[in-house]
Amino acid sequence: MLSKPKSGWTEFKLDKTSYILSYLTDVSMSWLNSAINGLKDLKPFVVHGFLEPLRMICVVSFYNIHLFVEDEDNEVLDPNESNYEIIHMNMLEFCEHLYNDIKDNLKEWVNWFCDDETDLEKREKDLNKKLEELRKLIDKQKEYFSSNIYDRNILII
């Protein structure tokens, strides 16, 4: 889903289209925070990234991902130019990919959003803490994404 960061860029790809995201968004920290908040409350969440000059918006719903691109200007969004995609992937799968992609390339993600004043040890500690929190939520919320709705102890109205 997220490639190994290199020189302030990462490739985000779920299906056919790939999006090259820039360092203007702290992808690892921002996306982990959004995923944690979404899984904690079992509510759809949004992640985004800058394509320079465009912006990619990704809405992670319960069972689908909605991706589109918009201009940085205050323009009316043209559906023919927004690259709107719907990918059938549930929230838990998205969070699993996010967890693995950041965990597998932790060193690069630690260095992703840094300058001369960034405390890299603190950033690594913070990322590890977020990863641990996401892992616990993924394990906790698995039952809500079971393929058999009757295995769940919830009432659907």
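Residues numbered from 1 in each chain as written. Predicted model: local features only at pLDDT ≥ 70, side-chain atom pairs only at ≥ 80, totals over all residues. Heavy atoms only, no water.

(A) Geometry of the nonpolar core. If you look at the biggest cluster of nonpolar residues, it comprises 41 residues, and the most contacted ones within it are Phe12, Trp31, Phe94 and Leu134. Broken down by secondary-structure element, the contributors of at least two residues to this core are β2 (18-22), α1 (27-41), β3 (45-50), β4 (55-60), β5 (65-70), α2 (91-104), α3 (106-112) and α4 (120-141). (Core = buried A, V, L, I, M, F, W, Y, C linked by side-chain atoms within 4.5 Å. Buried < 20%, exposed > 50% of the residue type's maximum accessible area, 1.4 Å probe, protein only. Helix = DSSP H or I, 4+ residues; strand = E, 2+ residues; numbered from the N terminus.)

(B) Up close: the pattern of salt bridges. Counted according to the given criterion, the structure contains nine salt bridges. One salt bridge connects Glu108 with Lys4, and the closest N-O pair in it is separated by 3.5 Å. Here Lys4 lies in the segment before β1 (9-13) and Glu108 lies in helix α3, a separation of 104 residues in the sequence. Look at Glu108 and you get partly exposed, because its relative accessible area is 24%. By relative accessible area, which is 49% here, Lys4 ends up partly exposed. For Glu70, the salt bridge identified is with Arg55, shortest N-O distance 3.0 Å. Residue Glu70 is found in strand β5, and its partner Arg55 is found in strand β4; the two are separated by 15 residues along the sequence. On the accessibility criterion, Glu70 (24% relative accessible area) is partly exposed. (Salt bridge = Lys/Arg side-chain N within 4 Å of Asp/Glu carboxyl O.)

(C) Spotlight on the packing of α1 against α4. In the contact formed by α1 and α4, the axes pass within 10 Å of each other and the chain directions differ by 30 degrees. One finds that α1 runs roughly parallel with respect to α4. Crossing angle aside, the handedness with which α1 passes α4 is left-handed. Seen from α1, the contacting residues are Ser28, Met29, Leu32, Asn33, Ala35, Ile36, Leu39 and Lys40; seen from α4, they are Arg123, Asp126, Leu127, Lys130, Leu131, Glu133, Leu134, Leu137, Ile138 and Gln141. Each residue belonging to the contact of α1 with α4 can be placed in one class, and the counts come to 10 nonpolar, three polar and five charged. (Axes fitted to C-alpha atoms, helices over the stretch in contact; angles between N-to-C directions. Parallel < 35°, antiparallel > 145°, perpendicular 65-115°, else oblique. Left-handed = near helix turned anticlockwise from the far one by under 90°. Contact = heavy atoms within 4.5 Å. Nonpolar A, V, L, I, M, F, W, Y, C, P; charged D, E, K, R; others polar.)

(D) Expanded view of the environment of Val110. Inspection of the secondary structure assignment puts Val110 in helix α3. For Val110, a relative accessible area of 5% gives the class buried. Along the backbone, Val110 and Glu124 are 14 residues apart, and their C-alpha atoms lie at a distance of 5.5 Å. In contact with Val110, other than residues within four places in its own chain, are Leu120, Arg123, Glu124 and Leu127.

(E) Structural view of the side chain of Arg123. Its location among the elements puts Arg123 in helix α4. We classify Arg123 as buried; its relative accessible area is 7%. In terms of polar contacts, Arg123 uses its side chain to reach the side chain of Ser28, at 3.2 Å. If near-sequence neighbours (up to four positions away) are discounted, Arg123 is found in contact with Asp26, Ser28, Met29, Trp109, Val110, Trp112, Phe113 and Thr118. (Polar contact = N/O pair within 3.5 Å; in protein donor to acceptor, adjacent residues only side chain to side chain.)

So far we have only geometry, and geometry alone does not tell us how the molecule works.
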